[in-house]
Amino acid sequence: MDARTKRPDTLLTHAGRHSSDWGGAVNPPVYHVSTVLFDTMEELQAKVAPPAPRMRYGRLGTPTSFAFEEAVAAIEGADRSIALPSGLAAITAAMMAFLKTGDHVLIPDNVYGPTRSFCLSRLARLGIETTVYDPLRGAAIAELMRPNTRIVYTEAPGSQTFEMPDIPAIAKAAHAGDAVVILDNTWATPIYFQPFAHGVDVSVHAATKYMVGHSDAMMGVISTIPAHRAALEASVRDFGFSVSGDDCYLALRGLRTMGVRLARHQESGIRLARWLADRPEVRMVMHPALPQDPGHQIWSRDFTGASGLFGFVLQPTSDKAVAAMAEGLELFGMGYSWGGFESLFLPCHPESMRSVTTWDPGGTTVRVHAGLEDADDLIADLEAGFARLKAAG
Ligand SMILES: *Cc1c(COP(=O)(O)O)cnc(C)c1O
């Protein structure tokens with residue numbers, strides 16, 4: 001199959017499939033393997049780079065991980081995708097592929113918390129300096145570039161506050177200074193944002209979220225263009241990251257239905273966001289697909305859809321009232337992570353993770369994941385929640 005001629009849903013269904021190598025099965029077998037045996041000295045000593053046509057050693061991948069990687073690369077338009085044991089492992093391995101002591105990194109102020117912590121603590125210990133930038137800075141990021149700036153890191157949108165950065169403008173400024181642009185593309189997935197068509201060099205994902213899609217495995221993936229393939233493969237190999245066949249199987253199985261799941265997450269997410277925007281208890285809604293959202297124009301220009309994760313801010317109320325609303329929800333769970341089939345409601349504190357911008361929206365920030373339940377049932381659950389909020393406030 002020529003991946004370049006096929007549309008996303010077709011790629012999700014067909015990419016990475018090799019039934020003739022798998023005894024005719026539609027899906028790959030799961031290999032539980034460390035040692036791999038070779039029949040001849042020639043095979044034993046062959047220099048084969050991953051993803052190898054055959055296994056060399058368990059850590060270096062199995063036909064199950066090769067199939068997952070091939071499918072993600074086809075969907076994302078990448079030269080190469082590499083499976084990792086978590087989203088954070090994908091982020092750190094991608095950064096370490098490029099950095100050395102004395103380098104400088106730019107990260108947005110709304111970046112995923114553990115990414116921020118990795119830069120400000122771990123990288124700092126290695127003599128690598130990080131500057132935090134306003135995610136809405138756009139082309140003016142050029143003023144923060146230094147001769148030693150090696151990575152400009154982006155996330156679109158921020159996963160608690162949903163500001164939409166201008167990725168092409170940031171990429172242009174970064175490339176003018178010879179920096180590598182890394183994007184955390186977890187929110188949009190390759191279905192709704194094609195990173196390499198917008199100037200990104202390396203895309204990282206928490207596959208844990210929409211790719212796995214069922215809240216039952218941790219996985220990450222890095223995708224890239226030919227220029228950076230070798231550096232990223234070496235970084236993942238040197239750190240010894242390895243993913244179990246079972247988890248690769250679950251992520252590949254999740255990918256097969258990601259398109260239809262996302263369409264539903266998107267539809268319900270927009271419905272809930274619109275409904276919330278009209279409620280008197282709600283101060284504002286952060287969802288780039290709503291026309292009134294400050295990021296809407298960039299989102300419409302660069303993205304082909306929105307996933308089910310968005311945020312809103314409550315009118316000022318007591319913590320007790322927020323707890324009464326959140327704890328009594330029947331369908332929405334309270335928990336970290338997202339991208340599974342289930343809906344989530346997470347009061348959060350983005351203001352505690354800011355250094356160059358402020359997040360002071362005048363009420364409690366809540367992150368919502370619209371799951372695959374019936375949207376009318378979700379709305380009824382939120383409505384009952386607002387009644388509890390009012391009663392307890
Ligand atoms: C969850 C998440 C990660 C980290 O993924 P893990 O698989 O939990 O390590 C990275 N970026 C974003 C935006 C996330 O939501």
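Owing to the predicted nature of the structure, the values given are computational and were not obtained by experimental measurement.

Calculation notes
Residues numbered from 1 in each chain as written. Predicted model: local features only at pLDDT ≥ 70, side-chain atom pairs only at ≥ 80, totals over all residues. Heavy atoms only, no water. Buried < 20%, exposed > 50% of the residue type's maximum accessible area, 1.4 Å probe, protein only. Helix = DSSP H or I, 4+ residues; strand = E, 2+ residues; numbered from the N terminus. Pairing = 2+ DSSP bridges. Axes fitted to C-alpha atoms, helices over the stretch in contact; angles between N-to-C directions. Near = heavy atom within 4 Å. Polar contact = N/O pair within 3.5 Å; in protein donor to acceptor, adjacent residues only side chain to side chain. Areas by Shrake-Rupley, 256 points an atom, 1.4 Å probe, with all protein chains shown as cover. Nonpolar A, V, L, I, M, F, W, Y, C, P; charged D, E, K, R; others polar. Phe/Tyr/Trp six-rings, centres within 6.5 Å; stacked < 30°, edge-to-face > 60°. Contact = heavy atoms within 4.5 Å. Expected span 1.5 Å × (residues − 1). Arc of directions from axis to C-beta. Parallel < 35°, antiparallel > 145°, perpendicular 65-115°, else oblique. Left-handed = near helix turned anticlockwise from the far one by under 90°.

Caption draft 1: Representation of the pairing of strand β11 (residues 365–369) in the model. Extensive coverage of β11 is indicated by the burial of five of its five residues. Residue alternation in β11 divides its side chains into two sets, Thr 365, Arg 367 and His 369 and Val 366 and Val 368, and both sets are buried. Sheet topology places strand β9 (residues 309–314) next to β11; five bridges connect them, and they run antiparallel. The partner of Val 313 across the bridge, within β11, is Thr 365. With five bridges joining them, strand β10 (residues 344–348) and β11 adopt antiparallel strand pairing. Bridge pairing in β11 links Leu 346 to Arg 367.

Caption draft 2: Main features of the sheet that holds strand β5 (residues 180–184). Taken together, the seven strands give an open sheet; going across it, the order is β1-β7-β6-β5-β4-β2-β3, and neighbouring strands pair in mixed fashion. What marks the edges here is a single partner per strand, and that holds for β1 (80–84) and β3 (129–133). Neighbouring strand axes in the sheet, compared pairwise and without regard to direction, differ in orientation by 20 degrees on average. Across five bridges, the pairing between strand β2 (residues 104–108) and β3 is parallel. The residue bridging Pro 108 from the neighbouring strand is Tyr 133, located in β3.

Caption draft 3: Here's a closer look at the site of the ligand. Neighbouring residues of the ligand: 14 residues in total, closest Gly 87, Leu 88, Asp 184, Thr 208 and Lys 209. At 2.6 Å from an oxygen atom of the ligand is found a side-chain nitrogen or oxygen belonging to Thr 208. At 3.1 Å, a side-chain N or O of Trp 338 approaches an oxygen atom of the ligand. Taken by itself the ligand offers 380 Å² of open surface, and the protein chains cover 91% of this. Broken down by element, the residue count for the shell around the ligand peaks at three residues, all from helix α4 (residues 87–96). Its residues placed into classes, the shell around the ligand shows seven nonpolar, four polar and three charged.

Caption draft 4: Here's a closer look at the packing of aromatic side chains. Inspection of every chain in the model, using the stated rule, returns seven aromatic pairs. Note on Tyr 210 and Trp 338: the rings are 5.6 Å apart at their centroids and 70 degrees apart in plane angle, and the pair reads as edge-to-face. Residue Tyr 210 is located in the loop between β6 (202–206) and β7 (220–224), and its partner Trp 338 is located in the loop between α12 (319–327) and β10; the two are separated by 128 residues in the primary sequence. Taken individually, Tyr 210 and Trp 338 each receive the classification buried, so the pair is uniform in this respect. Considering the side-chain rings of Phe 239 and Phe 241, the 6.2 Å spacing of their centres and the 40 degrees angle between planes classify their relative orientation as tilted.

Caption draft 5: Inspection of the side chain of Arg 80 at higher detail. Relative to the assigned elements, Arg 80 resides in strand β1. The exposure class assigned to Arg 80 is buried, which follows from its relative accessible area of 5%. Sequence-distant contacts of Arg 80, defined by excluding residues within four places in its chain, comprise Pro 50, Pro 51, Glu 69, Ala 73, Ile 222, Ser 223, Thr 224, Arg 229 and Glu 233.

Caption draft 6: Structural view of helix α13 (residues 375–392). Given a rise of 1.5 Å per residue, 18 residues ought to cover 26 Å, and the 26 Å separating the end C-alpha atoms of α13 matches this to within 8%. Of the positions making up α13, those classed as buried are Ala 375, Leu 378, Ile 379, Asp 381, Leu 382, Gly 385, Phe 386, Leu 389 and Ala 392. End-on view of α13: buried residues confined to an arc of 155 degrees, all on one side of the axis. Residues of α13 that are exposed and angled more than 90 degrees away from the buried face: Lys 390 and Ala 391. Buried residues along α13 sit against α10 (258–277), β8 (282–286), β9, α12 and β10. Its side-chain oxygen placed 2.8 Å from the backbone nitrogen of Asp 376, Asp 374 serves as the N-cap of α13.

Caption draft 7: Structural view of the packing of α12 against α13. Contact geometry of α12 with α13 gives a least axis separation of 8 Å together with a crossing angle of 150 degrees. With respect to α13, the axis of α12 lies roughly antiparallel. Two packed elements cross with a definite hand, and for α12 against α13 that hand is right-handed. For the pair formed by α12 and α13, the contact residues are Lys 320, Ala 321, Val 322, Ala 324 and Met 325 on the first element and Leu 382, Gly 385, Phe 386, Arg 388, Leu 389 and Ala 392 on the second.

Caption draft 8: Up close: helix α9 (residues 245–256). The terminal C-alpha atoms of α9 lie 17 Å apart, and with 12 residues this matches the ideal 16 Å at 1.5 Å per residue to within 8%. The complete set of buried residues in α9 reads Gly 245, Cys 248, Ala 251, Leu 252, Gly 254, Leu 255 and Arg 256. Along its buried surface, α9 packs onto α1 (8–14), α3 (63–76), β1 and α10.

Caption draft 9: The arrangement of unusual backbone geometry in detail. Note that the residue after Ala 156, namely Pro 157, is joined by a cis bond; omega there is -15 degrees. Of note, Pro 157 is situated in the loop between β4 (149–155) and α6 (167–176). For Phe 162, which is not glycine, the phi dihedral falls at a positive 65 degrees. In this fold, Phe 162 is placed in the loop between β4 and α6.

Caption draft 10: Region of the structure containing the sheet that holds β9. Judged by pairing direction, the sheet is antiparallel, and its four strands sit side by side in the order β8-β9-β11-β10 without closing on themselves. Both edges of this open sheet fall to β8 and β10, since each of them pairs with a single strand only. On average, each strand axis in the sheet is tilted by 25 degrees relative to the strand beside it, whichever way the strands run.

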